[in-house]
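So you can see what is in the structure, the chains are spelled out below.
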Amino acid sequence: MAKRPVATVDTICNTIATYYTDAKLDLVHKAYAFADDAHRGQTRSSGDPYMIHPTEVAQSLAELQLDLPSIITGLLHDTVEDTHATLEQIEKDFGKDVAELVDGVTKLSKITFKTSEEKQAENFRKMIMAMAKDIRVILVKLADRLNNMRTLEHLAEAKQKIIAQETLDIYAPIANRLGISWIKIELEDLCLRYLHPDAYYKLAQKIAKKKKERDTYTEDLSDVLIEKLTDYDIKATVAGRAKHFYSVFKKMERRSVDFDQIFDMIAFRIVVDNITECYKSLGVIHATYKPVPGRFKDYIAMPKANGYQSLHTTVIGPNGERVEIQIRTQEMHQVAEGGIAAHWKYKEGKFDTRSRENVAWVNRLLEWNKDLSDPNEFLETVKIDLFAEDVFVFTPSGEVKELSHGSTPLDFAYAIHSDVGNRCIGAKINGKIVPLKQRLKSGDTVEIITSATQTPSKDWLKIARTSRAKAKIRAFIKTQERERARELGKDIMDKILRPYGHTVAKLEKSGELLKASQQLHLRTCEELYVAIGYGRNIPDDVIEIVIPKEARERSVDAAKREDQSFLSRVFTAARKRSTSRNAITVENLDDILIRFGRCCNPLPGESIIGFITRGRGVTVHTASCTKAIDNDQERRVDVKWSAQDLSQVRRVVKIRVLSQDEPGLLAMMSQTISSCGVNIVSANIRTTKDKKAICLFDVQVSDVPQLNKVTGALEGKKGVIAVERVRS
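Please read all numbers here as calculations on a predicted model, not as lab measurements. Along each chain, numbering runs from 1 in the same order as the chain's sequence is written. Local features in this predicted model are restricted to residues whose pLDDT is 70 or higher, and side-chain atom pairs enter the listing and the counts only when it is 80 or higher, whereas totals over whole chains, interfaces and linings include all residues. Hydrogens and water are ignored here; the side-chain numbers use all heavy atoms of the structure.

Q: Got a minute to help me understand the overall build of the protein chain in this structure?
A: Per the secondary structure count, the protein chain includes 33 helices and 23 strands. Considering the protein chain as a whole, with its 728 residues, one finds that 51% of them fall into the buried category. Expressed as a percentage of contacts within the protein chain between residues at least 6 apart in sequence, the contacts between residues at least 24 apart total 66%. Calculation of accessible area relied on Shrake-Rupley with a 1.4 Å probe; when residues are assessed, cover is drawn exclusively from the protein chains displayed. Accessible surface for the protein chain amounts to roughly 35400 Å². Of this, 49% is attributable to carbon and sulfur atoms. A run of H or I in DSSP counts as a helix once it spans at least four residues, and a run of E counts as a strand once it spans at least two, with each numbered from the N terminus. Here the term buried applies to any residue with accessible area under 20% of the maximum for its type, exposed to any over 50%, and partly exposed to those in between, with areas from a 1.4 Å probe on protein chains only. It only takes one pair of heavy atoms within 4.5 Å for two residues to be counted as in contact.

Q: Before we go on, may I ask you to explain the confidence of the model for the protein chain in this structure?
A: Detailed reading of the predicted coordinates is not advisable wherever pLDDT is low. Confidence of the predictor at the level of single residues is captured by pLDDT, which takes values from 0 to 100. Mean pLDDT over the protein chain stands at 79; residues scoring 70 or higher make up 79%. In the model, residues 345-358 has pLDDT below 50 throughout and makes 29 contacts with residues more than four positions away in sequence or in other chains. pLDDT under 50 marks residues 558-579. Its contacts with residues more than four places away, or in other chains, come to 42 contacts.

Q: I'm lost on the pattern of salt bridges in this one. Help?
A: Close approach of charged atoms allows side chains of opposite charge to pair. When a carboxyl oxygen of Asp or Glu is within 4 Å of a side-chain nitrogen of Lys or Arg, the pair counts as a salt bridge. Counting across every chain of the model gives 16 salt bridges. Linking Arg 40 and Asp 37 is a salt bridge whose minimum nitrogen-to-oxygen distance equals 3.0 Å. A relative accessible area of 57% means that Arg 40 is categorised as exposed. Between Arg 486 and Glu 526 there is a salt bridge, with its nearest N and O atoms 3.5 Å apart. Of this pair, Arg 486 sits in helix H23 (residues 467-497) while Glu 526 is found in helix H26 (residues 525-533), placing the two residues 40 residues apart along the sequence. Counted as one network, the salt bridges with shared partners bring together Asp 36, Asp 37 and Arg 40.

Q: I tried to follow the nonpolar core on my own but got confused; where do I start?
A: If you look at soluble globular proteins, the nonpolar side chains tend to sit buried side by side. In this text, buried Ala, Val, Leu, Ile, Met, Phe, Trp, Tyr and Cys residues form a nonpolar core when linked through side-chain atoms within 4.5 Å. Formed by 90 residues in total, the largest nonpolar core has its most connected members in Ile 16, Leu 76 and Met 149. Among residues more than four places away in sequence, those in contact with Ile 16 are Ala 23, Leu 25, Val 28, Ala 62, Leu 68 and Ile 71.

Q: I tried to follow unusual backbone geometry on my own but got confused; where do I start?
A: What is expected of a backbone is that most residues other than glycine have negative phi and most peptide bonds are trans. With a phi angle near 60°, Gln 65 is a residue other than glycine that sits in the positive phi range. By relative accessible area, which is 36% here, Gln 65 ends up partly exposed. Even without being a glycine, Asp 233 presents a positive backbone phi close to 60°. For Asp 233, the location among the structural elements is in the loop between helix H13 (211-231) and strand E1 (237-242).

Q: What should I look at first to understand the packing of aromatic side chains in this one?
A: Aromatic rings in a pair are described by how distant their centres are and how their planes are angled relative to each other. Aromatic contacts are taken between Phe, Tyr and Trp rings whose centres are within 6.5 Å, Trp giving its six-membered ring; a plane angle under 30 degrees counts as stacked, one over 60 as edge-to-face, and the others as tilted. Scanning the model with the defined rule gives six aromatic pairs in all. With 5.9 Å between their ring centres and 20° between their planes, Phe 596 and Trp 641 make a pair best called stacked. Within this pair, whereas Phe 596 is found in strand E15 (residues 594-596), its partner Trp 641 is found in strand E19 (residues 639-641), the two being separated by 45 residues in sequence. Chaining the aromatic ring pairs together yields one cluster made of Tyr 200, Tyr 201 and Phe 245. Working rule: Lys NZ or Arg CZ, within 6 Å of ring centre, within 35 degrees of ring normal, means a charge sits over the ring. Positioned above the aromatic ring of Tyr 50, the side-chain terminus of Arg 44 is 5.9 Å from the ring centre.

Q: Looking at this structure, I do not really get the sheet that holds strand E12 (residues 432-434). What am I missing?
A: Working definition: the strands of a sheet are paired by backbone hydrogen bonds and lie parallel or antiparallel to each other. Between any two strands, pairing holds if DSSP finds at least two bridges. If you trace the three strands from one edge of the open sheet to the other, you get E12-E11-E13, paired in antiparallel fashion. Pairing within the sheet leaves two strands with one partner each, and these edge strands are E12 and strand E13 (446-450). The sheet shows a mean angle of 35° between the axes of neighbouring strands, direction not considered. Between N-to-C directions, angles cover 0 to 180 degrees, with each direction set by a line fitted to C-alpha atoms, over the stretch in contact for helices.

Q: What should I look at first to understand helix H27 (residues 539-546) in this one?
A: Residues spaced three or four apart along an α-helix face the same direction, because each turn holds 3.6 residues. Residues of H27 that are buried: Pro 539, Val 542, Ile 543 and Val 546. One side of H27 carries all its buried residues, which in axial view fall inside an arc of 100°. To obtain the arc, one takes the directions from the helix axis to the C-beta atoms.

Q: Explanation requested: the packing of helix H9 (residues 136-150) against helix H10 (residues 157-177) in the structure shown.
A: For any two helices packed against each other, the geometry comes down to the angle between their axes and how far apart the axes lie. Contact geometry of H9 with H10 gives a least axis separation of 11 Å together with a crossing angle of 140°. Between H9 and H10 lies a crossing whose hand is left-handed. Here H9 contributes Ile 138, Lys 141, Leu 142, Arg 145 and Met 149 to the contact with H10, which in turn contributes Ile 163, Ala 164, Glu 166, Thr 167, Tyr 171, Ile 174 and Ala 175. Amino acids outside the nonpolar list (Ala, Val, Leu, Ile, Met, Phe, Trp, Tyr, Cys, Pro) and the charged list (Asp, Glu, Lys, Arg) are all regarded as polar, and Gly is one of them. When its residues are assigned to classes, the contact of H9 with H10 shows eight nonpolar, one polar and three charged. For any pair of crossing helices, the crossing counts as left-handed if the nearer helix is rotated counterclockwise from the farther one by less than a right angle, and right-handed if it is rotated clockwise.

Q: It is not clear to me how helix H16 (residues 330-338) should be interpreted in this structure. Could you clarify?
A: Those residues of H16 that fall on the buried side of the exposure criterion are Met 332, His 333, Val 335, Ala 336 and Gly 338. Of the surrounding elements, those touching the buried residues of H16 are helix H11 (181-195), strand E2 (266-272), helix H15 (275-288) and strand E6 (322-329).

Q: Mind showing me how you'd approach the side chain of Arg 44 here?
A: Take Arg 44: it is sitting in the loop between helix H2 (25-38) and helix H3 (52-63). This count recognises Lys and Arg as positive and Asp and Glu as negative, with His and chain-terminal groups excluded. One buried charged residue, Arg 44, remains without a salt bridge, the closest side chain of opposite sign being Asp 144 at 6.1 Å.

Q: Sorry if this is basic, but what is going on with the packing of helix H20 (residues 409-416) against H23 here?
A: Running from N to C, H20 and H23 point in directions that differ by 80°, and their axes come no closer than 8 Å. When the interaxial angle is binned, H20 and H23 end up roughly perpendicular. Residues Leu 410, Asp 411, Tyr 414 and Ala 415 of H20 form the contact with H23, whose own contacting residues are Arg 468, Ala 469, Lys 472 and Ile 473. Should an angle lie under 35 degrees it is considered roughly parallel, over 145 roughly antiparallel, and from 65 to 115 roughly perpendicular; all remaining angles are considered oblique.

Q: What exactly am I supposed to notice about the sheet that holds strand E21 (residues 679-687) here?
A: A sheet is described by the order of its strands in space; here four strands give the open sequence E21-E22-E20-E23, paired in antiparallel fashion. Each having just a single partner strand, E21 and strand E23 (720-726) make up the two edges of the open sheet. The sheet shows a mean angle of 20° between the axes of neighbouring strands, taken without regard to direction. Sheet topology note: the E21/strand E22 (residues 692-701) ladder contains eight bridges and is antiparallel. In the sheet register, Asn 684 faces E22, and the bridge partner there is Leu 696.

Q: Got a minute to help me understand the environment of Leu 76 in this structure?
A: When you line up the elements, Leu 76 lands in helix H4 (residues 68-76). For Leu 76, a relative accessible area of 0% translates into the label buried. For the pair Leu 76 and Phe 34, spaced 42 residues apart in sequence, the C-alpha to C-alpha distance is 7.9 Å. When neighbours within four sequence positions are excluded, Leu 76 is seen to be in contact with Ala 31, Phe 34, Ala 35, Ile 90, Phe 94, Val 98 and Val 102.

Q: What's the story with the environment of Ala 7 in this structure? I'm lost.
A: Secondary-structure assignment places Ala 7 in the segment before helix H1 (9-17). As a C-alpha pair, Ala 7 and Ser 60 span 53 residues in sequence and 9.3 Å in three-dimensional space. Ignoring any residue separated from it by four or fewer positions in sequence, one finds Ala 7 in contact with Thr 55, Glu 56 and Gln 59.

Q: Teacher, can you tell me more about the environment of Ser 181 here?
A: Structurally, the position occupied by Ser 181 is in helix H11. Each C-alpha atom, one on Ser 181 and one on Glu 337, is 5.3 Å from the other, the two residues being 156 residues apart in sequence. Non-local contacts of Ser 181, meaning those with residues more than four positions away in its chain, are made with Ala 336 and Glu 337.

Given below as C-alpha cells:
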C-alpha cells in the first residue's frame, strides 16, 4: 500500500475548505493547539510524536466531509483518556456538542472485544447505544481505528493479530453498514495483511506482476466505453480499478481456487448525470458486450440498507475477460464512497431525513435490545445485521420488503407482523406452495398462509434467518415454556408441603411463601415456581424457611422420604461422578451429571454456559453456541472450568484442512499434528475436481491453546490452504 503524506493542521483546514466554505477554521487551529499541548512529550509505539495520530484521525474525518464538531473531536478524542485534560475544559473551550462527542468516543475506547463472549455481547450493546445517541461517535471511532491499523506494524505480532481480528469482526462491517466503502476496503486489506501475511504478500506480488498488463487493458476498455456512450449523447466519466486484496482472497477461499483462476479482477465505474442515463448506459454496454446471465443487480430501484445505489452488471469484455461494471449518478457515487456522511447538513449540524433512515437498523437493534435479556442473543442479532446482504421481495399487493440474504418465508411473515409469523403454516412463492425453509430470492412475490391454531416451535429457530423473526419466536417459546415450568413448579412445591400439613395456597395467602421467595432472591412466588419447574433444587431451602425446625423433624417419615425421592428424580435422575463433572464446577449444584453439548464440543479455556435439563443434569455449551442461544435462558446456570489441573482431560475435536492434492502432504500433516503432542483418533480424506484435498482429523487435545498450536503449525506448512475447527 502506498504511504500517505503525514497530515498537518493546514491539510485538515484545506480539506474542510473544499466542501465547507463558511467553516470557522480558527476553531480547528485552537483544537490542534489544545491537543498538542495536552499530548506534549507523549510518543506512539513507532517513536513518533503522539500528536500525529489525532491529526491523521481528523484528516480522515475531513475527507469524509464531516462537520466541524466531528473533526475537532478527532483532534481531541484521546485527551480526556490519556492526558490531564477534562471534559469540563473541553466544554468550556469548544462547546457542549464537542464535549459530548469526546465523552462518547472515550467510552467507546474503553470497550474491548477480546474477553468472554458474554462480555463481548455486553460491549456490543454499549456500542450500539452510543451509535444511536449520536452516529458521529462511531465515525470518529472508525477514523481512529483506521489510523491504528495503518500503524499496526510497530506492535508485537500477537497484538497485531488481536487488533486485526477485532477490526475485521466489528469495525469493517460497521463501516460497510454505514456505507463508507473506502474505509471498509482499506480496513479489510490491512486486516488481511496481519491475519494472513503469506496470502497478502503472495497476492501483492502476483497483482504487481500483472499491473502493466492490467493498466493497459483498463485504459483501452475505458476509451471504448467512453466512445460508445458518447455515440448515444451520454456524458460520463469512466474509471477502472483492480479489486481489493481482501475481496480477491475471499473469492479464492470461497471457490477453493488459485489466483490464476480468478478472472473478474477488474471493476469499472461509470458516473453519469441522472438516473435515466444510468439505464440508458446499461443498454449501451449490453449492446456492446455480452452480459453474464444472473449477474445483473438493480440497486437503484432497490437500494441497499446503507443507502447504496448503483446498477451492477458483469459482461464478457475484450479477450474474453469477465468485467464488472457499476453505473451510478454523481450523487449516488458520493453516497457509495462516503455513505452516511454524504448526507450531512452543515448548517444544522445534524443528519438529514435520509440519513436517519440509513441508521434505522441501529434503532431497530435498540428495540430488540429491550426484548433480549440474554447478551449472547443480542450479540447474534447484531452480527446477523452487520454481515447481512439484502434481498428484496414483494407482497401480493406489490409492497417491497427488504430481508437478509438467506431469508425464508418465515422471515417474510414476521416482517409483515408478529401475529402473521406466529400463525404461519405455509407459503406461496410466485404462486407455488413451498416449504417454510425455502430461501427467498430478490424479485420473489411471497404470500403467507396462516391458521388460527398454529403456534411457533423451537424448530423454527433453525429456519428463521432475520433477527426480528428469531427474537419473536424465542419470545413466544420462552413465554410458553415459562408457563409450563410455573405449573410444574407449583405442583412440585405443593407435593413437598403436604407432609407438613401445608399447601401452596395457604402459604401464599399468609405471605410466608413470598417472604421465602425474596430470601432466595426471587421477587415473587411466580418466579419461585418457575425456578423449581426449570429444575433448580431449591424446595428444601423453602421448607427450611417456612416450616419450623420442630415440625420438620416430626415429619421425617416414609411419606416425606418418598416425596423427596420424587423430587430427586425430577432434578437429577442420573447424578453420578464423571471426568466431565470433575472438569466443570456448577454454581450451587453439587454431584450432578455434566454433559457437553455435541453441537459445540467445548474445550478447556473456552467461555462456557450451562443449562439445566430435567432428568439429564447440566448440559455445557460454549457461550457462542447458537444452540445455547436458542435455549431458554431461564434454565441457565453459571458453570466454569474447574480450578484443578485439567491437563489430563482430553477432548476430541474435529479439524478440517484444505490443501493442494500433492504426494506426501497427508504424512506431513500427520507428523505435524503428532509433533504437537496430539493424538489422531481418526482421519478422513477426499479430493476435489480442482486438485484440492479436504482432510478431516479427529484429534485429542487438552485445551484451546493446544488446538491453536496444532492449527497454527498446519497453517504454516507449504501446500496447506486453510485450517479450521469443525463443530457439529
